[in-house]
Amino acid sequence: MEILVLGSGTSHGVPMIGCECAVCTSENPKNRRFRPSIMVRHGEEAILIDTTPELRLQSLTLGITRVDAVFYTHTHADHIFGLDDVRRFNDLSGQELPVYGDADTLDDIQRIYPYIFKQTQLGGGKPRLSLHEVEREFSLFGLKIQSFYVMHGKLPVLSYRFDQPATSTTPAYSAAYVTDVSYIPPDAMEKLYGLDVLLLDAVRFQPHPTHFGLYQALEVIEQVQPKRAYLTHLSHHFDHDTVNAQLPTGVELSYDGLVVRS
């Protein structure tokens, strides 16, 4: 299993429009952050989690030419407004693309993108999708997958855990992606034990109404003890090199283009 971070930034992205702070004007490429998304690869197949407004740019920058499924966490703009760009992956594969989310998410997608689901003619084409209400536990592409809810302020959003079973040539491996979270209910917290890798929201140093602050995220990491943890959904409050040097062993800031392999 391989995890590729397509975007590690907040809904504003970094740099932010009109900001001249040290991070937004930094020459360090790890301080340049697209909106939040990852790709999980297992064998030949690739699962995209969320479709950010920069999906086309993320794909060109990171050389992405294949998507076999899309999972959604929720339907805020920074997580869904690149959906139209998946039509290029339809063209490359010649296949319809399965999209997974909860019932509200699938309803929102059909409301926001009605032309995808109507008999219309578009000169540039449109995505070819099949919508699937995500199950709490299921298998896809050789991975055991669990979906579970965390709280994004008052909004429940989906997080995902991926487990690669052991084989004669590969060890078992587990990873979870928890973005846009300000509170993790006890039943969801149970899904975060025994992880090799945890990617977790930390938007700024101080708490936020709808996101973890850095120290809240570190408390969760201390509790569930993943082998490695990467913080994501990062704002311009975090200079990559400065903050990374202050983090506990085994915890790092993620960055666009980060690859984590089993």
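Above: the structure in question.
Since we're looking at a predicted model, the values are computed, not measured.

Undergrad: Mind laying out the pairing of strand β1 (residues 2-7), listing which residues take part and the relevant values?
TA: Taken across its six residues, β1 has six buried, putting it largely inside the fold. Across five bridges, β1 lies against strand β2 (residues 37-42) in antiparallel orientation. Bridged to glutamate 2 within β2 is arginine 41.

Undergrad: Any details on the pattern of salt bridges? Residues and values, ideally.
TA: In the structure shown here, the tally under the stated rule is ten salt bridges. The salt bridge partner of arginine 261 is glutamate 2, with a shortest N-O separation of 2.8 Å. Remark: glutamate 2 occurs in strand β1 and arginine 261 occurs in strand β14 (residues 259-261); sequence separation between them is 259 residues. Across the salt bridge formed by glutamate 45 and arginine 66, the nearest N and O atoms sit 4.0 Å from each other. Here the residue glutamate 45 occupies a position in strand β3 (residues 45-49), and arginine 66 occupies one in the loop between α1 (55-62) and β4 (69-71), the gap between them amounting to 21 residues. Look at glutamate 45 and you get partly exposed, because its relative accessible area is 25%. One connected set of salt bridges, linked through shared partners, spans Glu2, Arg41 and Arg261.

Undergrad: I'd love a proper account of the nonpolar core, names of residues and values included.
TA: The biggest cluster of nonpolar side chains holds 29 residues, and the ones touching the most others in it are Ile184, Leu192, Leu198, Leu200 and Leu231. Elements represented by at least two residues in this core include exactly β8 (143-152), β10 (173-178), α5 (186-189), β11 (197-201), α6 (214-224), β12 (228-232) and β13 (251-253). The leading source of residues in this core is α6, at six residues. Ignoring any residue separated from it by four or fewer positions in sequence, one finds isoleucine 184 in contact with Val150, Met189, Leu192, Phe212 and Val220. If you look at the next biggest cluster of nonpolar residues, it comprises 26 residues, including Ile38, Val40, Leu140 and Ile145.

Undergrad: Talk me through α6; I want residue IDs and the actual numbers.
TA: Listed in full, the buried residues belonging to α6 are Leu214, Ala217, Leu218, Val220, Ile221 and Val224. One side of α6 holds all its buried residues, which, seen down the axis, span an arc of 160°. Those residues of α6 that are exposed and angled more than 90 degrees off the buried face are Glu219 and Glu222. In the core, the buried residues of α6 are packed alongside α5, β11, β12 and β13. Glutamine 225 occupies a position one or two residues after α6 and carries a positive phi of about 55°.

Undergrad: An account of the pairing of β2 is needed here, citing residue identities and associated values.
TA: The element β2 is largely enclosed, with a buried count of five among its six residues. Pairing of β2 with β3 involves five bridges; the strand directions are antiparallel. Bridge pairing in β3 links methionine 39 to leucine 48.

Undergrad: Provide a residue-level description of the sheet that holds β12, including the pertinent values.
TA: Taking strand neighbours across the sheet as the criterion, the seven strands line up as β7-β8-β9-β10-β11-β12-β13 in an open arrangement whose pairing is mixed. Here the strands that pair on one side only, and so sit at the sheet edges, are β7 (137-140) and β13. The average angle at which neighbouring strand axes cross in this sheet is 25°, direction not considered. As defined by bridge partners, β7 adjoins β8 across four bridges and the pair is classed as antiparallel. Paired with glutamate 137 across the strands is glutamine 146, a residue of β8.

Here is what the cut-offs are and how they apply
- Residues numbered from 1 in each chain as written.
- Predicted model: local features only at pLDDT ≥ 70, side-chain atom pairs only at ≥ 80, totals over all residues.
- Heavy atoms only, no water.
- Buried < 20%, exposed > 50% of the residue type's maximum accessible area, 1.4 Å probe, protein only.
- Helix = DSSP H or I, 4+ residues; strand = E, 2+ residues; numbered from the N terminus.
- Pairing = 2+ DSSP bridges.
- Salt bridge = Lys/Arg side-chain N within 4 Å of Asp/Glu carboxyl O.
- Core = buried A, V, L, I, M, F, W, Y, C linked by side-chain atoms within 4.5 Å.
- Contact = heavy atoms within 4.5 Å.
- Arc of directions from axis to C-beta.
- Axes fitted to C-alpha atoms, helices over the stretch in contact; angles between N-to-C directions.

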